[in-house]
Amino acid sequence: MSSDYQAPLADMSFQLFDVFQVDRFWAEQPTLAEVVDQDTAKAILGEAAKITEECIAPKSKCADEQGVSVSAGVVTTPSHYKENYRLLCEGGWTGLTGDPEYGGLGMPKTLASMYDEMMCSADIAFSLYPGLTSGACVALLQHADEAAKAIYLPKLYSGEWSGTMCLTESHAGSDLGIMRSKAEPQANGSYRISGEKIFITAGEHELAENIIHLVLAKLPDAPAGSRGISLFLVPKFKVMSDGSLGERNQLICSSVEHKMGIHGSATCVMNFEGAEGYLIGQPHKGLACMFTMMNYERLAMGSQGLGAAERAYQNALGYAKERLQGRTQGTDANKADPILGHPDIKRMLLTVASLNEAGRAFSLMVAHFLDQAKFAADSTAYARANLLTPVTKAFMTDRGFDCCVMAQQVFGGHGYIKEWGMEQLVRDVRIAQIYEGTNGIQALDFMLRKVAADQGAVLFDLLDELTAQVSSSYAAELKSLVEDVKAATTELLSQHSSQPDLLSWVACDYLDLIGYTFYGLMWDKMLAALSTDKHNADFVAAKQTKSAFFFHRILPKTRALLLQLKPLPEQLLHASF
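Residues numbered from 1 in each chain as written. Predicted model: local features only at pLDDT ≥ 70, side-chain atom pairs only at ≥ 80, totals over all residues. Heavy atoms only, no water.

Topic: the overall build of the protein
Along its length, the protein carries 19 helices and 11 strands. Oriented by its inertia axes, the alpha-carbon framework of the protein measures out at about 80 × 55 × 55 Å. Residues classed as buried in the protein amount to 57% of the 577 residues present. A fraction of 74% describes how many contacts in the protein between residues 6 or more apart in sequence connect residues 24 or more apart. Total accessible area computed for the protein in this model is approximately 23,400 Å², and 52% of it derives from carbon and sulfur atoms. (Helix = DSSP H or I, 4+ residues; strand = E, 2+ residues; numbered from the N terminus. Buried < 20%, exposed > 50% of the residue type's maximum accessible area, 1.4 Å probe, protein only. Contact = heavy atoms within 4.5 Å. Areas by Shrake-Rupley, 256 points an atom, 1.4 Å probe, with all protein chains shown as cover.)

Now the structure itself:
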């Protein structure tokens, strides 16, 4: 009785090289052509599968049971984490997409997104240690000066040092403008950082020799609100000019949170007590710098939702094939058949599978936009990635949680028992809907700051481009849906002036509508890429079955969502409790 995992390499390869044909883009970019092609990518994914399947996934239950502990500011992680972290560092996985100038491997985000999914399937809690470091590297690469990058990035890419993101305070969750952490300028150009930060993932641990905290705080002359926030680099151990480590900085982990899930992740309360820090970027512009990291992590949340749901599906399918219960084949009345024969079991499995594979395609599309923006300086691709970041975070984590619960349901009572591992997946993935900005905030961001800000221009342009390419038997249905989505969007935006709160009320439903619509477009792309000459008959038949289920049983949800995007009656607009 255990939760097993096998990386879905066949589908990952199909998505990368048949659906999106990313290797063609790689070949066109000089910096990518030097480091990756289809054969190299498949070899990298194969090695990623080996380490996640054989080293990380089998011990995720043990990590959940051991959890983390803190004593006198020293945090201890699950007993096998240090060895697994060493394997990641030795394999170069901690610098997979890092800038080669500073020791990174320079791989594209499309390839990294597949690796991220495997890591999250294997153990979400463990994936957070290198994951936060990768986000910190992105922020430093874009906003730190050359001297800081030369010292910190090589150590972070190698995994010798790790990184964190320190935003939240006990009284200030998403409302960062009211934070109390302070930064006092010093004569030598450094700053004394004081304040308490909570919910700090990997804030303290024994896996790396130094931890680099990126901390939001306010200077003495800071303007009020979020416009007065600055970003500071605060190392656990002070770093000398030659990159060597000095004395311990004035910061400590005072406690770790006891959580519903991700027990192997050290979620810390960090106290900065006049710690030495260094300004990153411009004064009072720290929030924009931190959002570089935040947006990276929000995309990683999508991988958490998908990764957990993929492992949940694999285990539910295996259980359904073996569990004997009921008679579905009409043969021996005294002999039970596998529950896979029950229509309701098929419904649940097909729901999870069809959402997972559409989610993988959607995540890959967004990653491809990021690669186009980075390596080809494509401003349209950047705008599209920016548009879809909150959808990736919210829709993929909502569906990931739903899918884990549904896969758990396949097990019946056994799904509620720890030994099978399903309840851990439900607990672990639940946080993905909450941290890095709750999904309600993601919906508001998408509706107000993305769609309403340009009257739907970027969204409509992308929908039009994808709709022009549809070619499956569901093309007419998709075209009709996209036109209805655009019409509903236009109508909502026109009503904003008469009902200022309307967009906020419907934001979550609207984000779901967009998510399901894009998933439908992704299924059309997958059907177009299927080839009986290239793919075996079972692979083709499985794709066709899952697509048929999606279009007949899941996409119709968009019709109900469209009906919900209506002006609200006064008693709702002014509801009191």
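The discussion continues.
Some details on the nonpolar core
Counting 191 residues, the largest nonpolar core has F362, L388, Y510 and F518 as its most contacted members. Here this core takes 18 residues from helix α7 (residues 109-143), the largest share from any one element. Sequence-distant contacts of Y510, defined by excluding residues within four places in its chain, comprise F446, M447, V451, L459, T489, L492 and L565. (Core = buried A, V, L, I, M, F, W, Y, C linked by side-chain atoms within 4.5 Å.)

Some words on the packing of helix α15 (residues 475-495) against helix α18 (residues 557-564)
In a pair of packed helices, the angle between the axes and the distance between the axes together describe the arrangement. Closest axis-to-axis distance for the α15/α18 pair is 11 Å, and the angle between their directions is 15°. Relative to α18, the element α15 lies roughly parallel. Judged by the sense of rotation from one axis to the other, the crossing of α15 with α18 is left-handed. Counted together, S480, L481, D484, V485 and A488 of α15 and T558, R559 and L562 of α18 form the full contact between these two elements. (Axes fitted to C-alpha atoms, helices over the stretch in contact; angles between N-to-C directions. Parallel < 35°, antiparallel > 145°, perpendicular 65-115°, else oblique. Left-handed = near helix turned anticlockwise from the far one by under 90°.)

Let's talk about the pattern of salt bridges
Applying the stated rule across the entire model yields 31 salt bridges. Of the charged contacts in the structure, one is a salt bridge between R427 and D64, with a shortest N-O distance of 2.9 Å. In this pair, R427 is assigned in helix α12 (residues 422-430) and D64 in helix α5 (residues 60-66), connecting sequence segments 363 residues apart. In this structure, R427 and D64 share a single accessibility class: buried. For K109, the salt bridge identified is with D116, shortest N-O distance 3.7 Å. Within the structure, one salt-bridge network assembled from shared partners comprises D11, E117, E310, E357, R360, K543 and K546. (Salt bridge = Lys/Arg side-chain N within 4 Å of Asp/Glu carboxyl O.)

Examining helix α11 (residues 379-410)
Turn by turn, an α-helix covers 3.6 residues, leaving residues three or four places apart pointing in a common direction. Given a rise of 1.5 Å per residue, 32 residues ought to cover 46 Å, and the 45 Å separating the end C-alpha atoms of α11 matches this to within 8%. Of all the bends found along α11, the most pronounced is centred on L388 and spans about 35°, while P390, a proline, follows it within four residues. One side-chain oxygen at the N-terminal end of α11 lies 3.0 Å from the backbone nitrogen of T380; it belongs to D378. A positive backbone phi angle near 60° is found at G412, which sits one or two residues after α11. (Expected span 1.5 Å × (residues − 1). Bend = angle between axes of the 7 residues up to and from the residue. Polar contact = N/O pair within 3.5 Å; in protein donor to acceptor, adjacent residues only side chain to side chain.)

Observations concerning the packing of aromatic side chains
As enumerated under the stated definition, the model contains 17 aromatic pairs in all. Summarising the aromatic geometry, the rings of F362 and F518 are spaced 5.8 Å apart at their centres and angled 55° between planes, so their arrangement reads as tilted. Placement of F362 in helix α10 (residues 343-376) and of F518 in helix α16 (residues 502-529) is noted, with a sequence separation of 156 residues between them. Judged by relative accessible area, F518 falls into the buried class, the value being 0%. Between F550 and F551, the ring centres sit 5.7 Å apart and the planes meet at 90°, which makes this aromatic pair edge-to-face. F551 matches F550 in its accessibility class, with the two residues each being buried. Taken together, the ring pairs connect F362, F395, Y516, F518 and Y519 into an aromatic cluster. When the ring centre of F401 is taken as reference, the NZ or CZ atom of R430 above it lies at 5.6 Å. (Phe/Tyr/Trp six-rings, centres within 6.5 Å; stacked < 30°, edge-to-face > 60°. Lys NZ or Arg CZ within 6 Å of the ring centre and 35° of its normal.)

Quick word on the state of the cysteines
A full pass over the atoms with the stated rule returns zero disulfides. With no disulfide partner, C89 has as its closest neighbouring cysteine sulfur the one in C137, 12 Å distant. Free cysteine C404: the closest other cysteine sulfur is in C403, separated by 7.2 Å. Assessed through its relative accessible area of 0%, C404 is described here as buried. (Disulfide = S-S within 2.5 Å.)

A short note on the pairing of strand β6 (residues 210-218)
The element β6 is extensively covered by neighbouring structure, given that nine of its nine residues are classed as buried. Both faces of β6 are covered, namely the face carrying N210, I212, L214, L216 and K218 and the face carrying I211, H213, V215 and A217. Pairing of strand β3 (residues 161-166) with β6 involves six bridges; the strand directions are parallel. From the neighbouring strand, W161 faces β6, where its bridge partner is N210. Note that β6 and strand β7 (residues 229-235) share seven bridges and pair antiparallel. Residue pairing for β7: I212 is matched across the bridge by P235. (Pairing = 2+ DSSP bridges.)

Re the side chain of T392
With respect to the helices and strands, T392 occurs in helix α11. Residue class for T392 comes out buried when judged on its relative accessible area of 1%. When neighbours within four sequence positions are excluded, T392 is seen to be in contact with L299, G302, F362, V366 and T397.

Comments concerning the side chain of K149
Note on placement: K149 falls in helix α8 (residues 146-158). The exposure class assigned to K149 is buried, which follows from its relative accessible area of 9%. One polar contact links K149 to E146, side chain to side chain, over a distance of 3.0 Å.

Notes on unusual backbone geometry
Notably, H284 is not glycine yet its phi reads approximately 70°, a positive angle. The phi dihedral of A377 is positive, around 50°, even though this residue is not glycine. Its location among the elements puts A377 in the loop between α10 and α11. Take A377: its relative accessible area is 67%, and that puts it in the exposed class.

Focus on the environment of N295
Looking at the element boundaries, N295 is found in helix α9 (residues 286-322). For N295, a relative accessible area of 27% corresponds to the partly exposed category. On a C-alpha basis, the gap between N295 and H263 in space is 24 Å, while along the polypeptide they are 32 residues apart.

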